[in-house]
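Here are the chains, one letter per residue:
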Amino acid sequence: MRLDPERAHEIAIAALRCAGWSGFGRGLLRWKFAGREALRLEQEILGRVFPNPVGLAAGFDKNAVAIRGLGALGFGFVEVGTVTPRPQAGNPRPRIFRHPREESLQNALGFNNDGMEAIHRRVTGGYPYPFPVGVNVGKNATTPLDRAEDDYETLFRGFAGGADYYVVNISSPNTPGLRDLQSPERVAGLVGLGRDLTARPVLVKLSPDLDLDAAVELAGAAVEAGAAGVIVANTTTDYRLIPGARDSGGLSGRVLQRRSFEMLEALAGALFGRTVLVSVGGVGSGDEVYRRLRAGASLVQIYTAFVYQGPALVRRVLARLAELMERDGLDTIDQVIGYDAGR
Ligand SMILES: Cc1cc2nc3c(=O)[nH]c(=O)nc-3n(C[C@H](O)[C@H](O)[C@H](O)COP(=O)(O)O)c2cc1C
């Protein structure tokens, strides 16, 4: 019998947690999996040094238990969460499904997490890390939508400091009504809260199911309100992408590649140079990372390809990225970003 995907994930997290515990374990992971690319992949952005532009997307280490182990695999940054103010169990299992032919996942987790207090303790306990760590925040399922801002306020107050950036998640399809927060007024309000209550950059994570015009308008409103960046995109509810997919949860992985790239292009067209664009959705190779950077992303994140391709993925991706830069005579990541934008 095949292992249930959520069980497999729990085992992977436990292994990374153990291996990341000691300097010896991390050294072993680094030796086995991480690459030794030159300084050329390093970048200073969002007030921090990012050792490389390839990060782990939110939702893998929801509870911030494996940050160091994940960093030792080579990720240039790690985003934990989504964290809600109070712990919550999420939706009933099974709630993660594989679509191996499409190298895609379908998840209906619903922000299962240990809650702000426990996760804050874990993140700050290890802070600072040798790479940036972001905290992705969202509302509890039981908080009425018209009180959603209260949850984000609680989270910003609770976390203030103790992480390198924050992400306002208003785009998960698994918390009823959450995506309704994607209006210019509410986005601006949420970003304003973050700006007032934390000393760190605040980013907004958008859904791939928005119209391109609406996405550009929302991202613009976020930036006006002081957002340091925009992450595109979360999972999609366009179930037509996979014949036979269930009609609940969010799809991620290769089926999202095209849409998330289109959104990046639209946002770069309007906002390149005015904010930090983080591209996520169906990235699973160094070539794809390079394409995103050239299209105007400053950072790229990966989730589903990491699940399918395993821990050596990051090393492979970074080695290929360095190779492509060398091919094109580019010495730094800054030179790669938006490489095509001015042409
Ligand atoms: C199992 C699973 C859980 C996720 N949980 C979260 C989450 O808690 N918060 C969030 O912002 N995104 C979450 N995501 C979305 C990812 O961060 C990412 O935006 C999306 O999967 C697209 O990237 P990918 O194609 O590389 O997986 C989750 C994705 C998966 C597959």
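Residues numbered from 1 in each chain as written. Predicted model: local features only at pLDDT ≥ 70, side-chain atom pairs only at ≥ 80, totals over all residues. Heavy atoms only, no water.

S.K.: Residue-level account of the packing of aromatic side chains, with values.
M.R.: To describe a pair of aromatic rings, one takes the distance between the centres and the angle between the planes. If you walk through the whole model with that rule in mind, you get nine aromatic pairs. Consider the rings of Phe159 and Tyr166, whose centres lie 6.3 Å apart with planes at 55°: the pair is tilted. A single burial state applies to Phe159 and to Tyr166, both of which are buried. By way of ring pairs, the aromatic residues Phe60, Phe75, Tyr303 and Phe306 are connected into one cluster. Over the ring of Phe97 we find Arg246, and its NZ or CZ is 3.6 Å from the ring centre. (Phe/Tyr/Trp six-rings, centres within 6.5 Å; stacked < 30°, edge-to-face > 60°. Buried < 20%, exposed > 50% of the residue type's maximum accessible area, 1.4 Å probe, protein only. Lys NZ or Arg CZ within 6 Å of the ring centre and 35° of its normal.)

S.K.: Give me the lowdown on the site of the ligand, citing residues and values where you can.
M.R.: Taken together, 24 residues sit near the ligand, with Ala58, Thr82, Gly253, Gly282 and Thr304 positioned nearest. Contacts to the ligand include Lys62, whose side-chain N or O atom sits 2.9 Å from an oxygen atom. Within the side chain of Asn169, one N or O atom sits 3.1 Å away from an oxygen atom of the ligand. Its free accessible area being 610 Å², the ligand has 98% of it covered by the protein chains. A per-class count over the shell around the ligand returns nine nonpolar, 13 polar and two charged. (Near = heavy atom within 4 Å. Polar contact = N/O pair within 3.5 Å; in protein donor to acceptor, adjacent residues only side chain to side chain. Areas by Shrake-Rupley, 256 points an atom, 1.4 Å probe, with all protein chains shown as cover. Nonpolar A, V, L, I, M, F, W, Y, C, P; charged D, E, K, R; others polar.)

S.K.: How would you explain the sheet that holds strand E13 (residues 299-302) if you had to name every residue and give the values?
M.R.: Pairing is parallel in the closed barrel, where eight strands are placed in the order E3-E4-E7-E8-E9-E10-E12-E13. Going across the sheet, the axis of each strand differs from the next one's by a mean of 25°, ignoring polarity. Taken together, the four bridges between strand E8 (residues 165-169) and strand E9 (residues 202-206) define a ladder with parallel strand orientation. Each residue of the ladder has a partner; that of Tyr166, found in E9, is Val202. (Pairing = 2+ DSSP bridges. Helix = DSSP H or I, 4+ residues; strand = E, 2+ residues; numbered from the N terminus. Axes fitted to C-alpha atoms, helices over the stretch in contact; angles between N-to-C directions.)

S.K.: I'd love a proper account of the pairing of strand E5 (residues 96-99), names of residues and values included.
M.R.: When E5 meets strand E6 (residues 104-107), the two strands line up antiparallel, connected through four bridges. When the sheet's bridge partners are listed, His99 is paired in E6 with Ser104. Linking E5 to E6, which pair antiparallel, is a turn of four residues; within it Glu103 sits at a positive phi near 40°.

S.K.: Account for a negative patch on the surface, naming residues and giving values.
M.R.: A surface patch of like charges, here negative, comprises Glu185, Asp211, Asp213 and Glu217. Topologically, Glu185 is positioned in helix H6 (residues 184-197). (Patch = residues over 30% accessible without salt bridge, like charges linked within 9 Å, V, L, I, M, F, W, Y side chains within 5 Å. Salt bridge = Lys/Arg side-chain N within 4 Å of Asp/Glu carboxyl O. Lys, Arg positive; Asp, Glu negative; His and termini not counted. Charge placed at Lys NZ, Arg CZ, Asp CG, Glu CD.)

S.K.: So what's going on with the pattern of salt bridges? Residues and values would help.
M.R.: Within the structure shown, the criterion is met by 21 salt bridges. Linking Asp114 and Arg122 is a salt bridge whose minimum nitrogen-to-oxygen distance equals 3.0 Å. Its relative accessible area of 34% is what places Asp114 among the partly exposed residues. The partly exposed category is assigned to Arg122, whose relative accessible area is 29%.

S.K.: Residues and numbers for the layout of surface pockets, please.
M.R.: If a probe as big as a water molecule is rolled over the atoms, it shows which places are left empty. Approximately 840 Å³ is the volume attributed to the largest pocket. Leu105, Ser252, Tyr303, Thr304 and Val307 are, among the 50 residues lining the largest pocket, the residues nearest its centre. For the lining of the largest pocket, a count of residues per class yields 23 nonpolar, 22 polar and five charged. (1 Å grid on protein atoms, 1.4 Å probe; cavity = no way out; pocket = protein on both sides within 12 Å on 5 of 7 lines; lining within 4 Å. Points joined across faces, edges and corners; volume = space filled by probe spheres on them.)

S.K.: Describe the nonpolar core, and please don't skip the residues or the numbers.
M.R.: In summary, soluble globular proteins display a tendency toward joint burial of nonpolar side chains. Among the nonpolar cores identified, the biggest contains 97 residues, and Leu70 and Tyr152 are the most heavily contacted of them. Of the residues forming this core, the biggest block, seven residues, is contributed by helix H11 (residues 313-327). With near-sequence residues (within four places) excluded, Leu70 lies in contact with Leu16, Leu56, Phe60, Asp61, Phe75, Val78 and Phe306. (Core = buried A, V, L, I, M, F, W, Y, C linked by side-chain atoms within 4.5 Å. Contact = heavy atoms within 4.5 Å.)

S.K.: Hey, could you go over the packing of helix H9 (residues 286-294) against H11 for me, with residue numbers and the actual values?
M.R.: The relative placement of two packed helices is expressed as an angle between their axes plus a distance between the axes. Orientation of H9 relative to H11, taken along the N-to-C sense of each, is 55°, at an axis distance of 8 Å. By the criterion of interaxial angle, the relationship of H9 to H11 is oblique. Judged by the sense of rotation from one axis to the other, the crossing of H9 with H11 is right-handed. Across the interface between the two elements, Gly286, Asp287, Val289, Tyr290, Leu293 and Arg294 of H9 pack against Val317, Arg320, Leu321, Leu324, Met325 and Arg327 of H11. Split into classes, the residues belonging to the contact of H9 with H11 amount to seven nonpolar, one polar and four charged. (Parallel < 35°, antiparallel > 145°, perpendicular 65-115°, else oblique. Left-handed = near helix turned anticlockwise from the far one by under 90°.)

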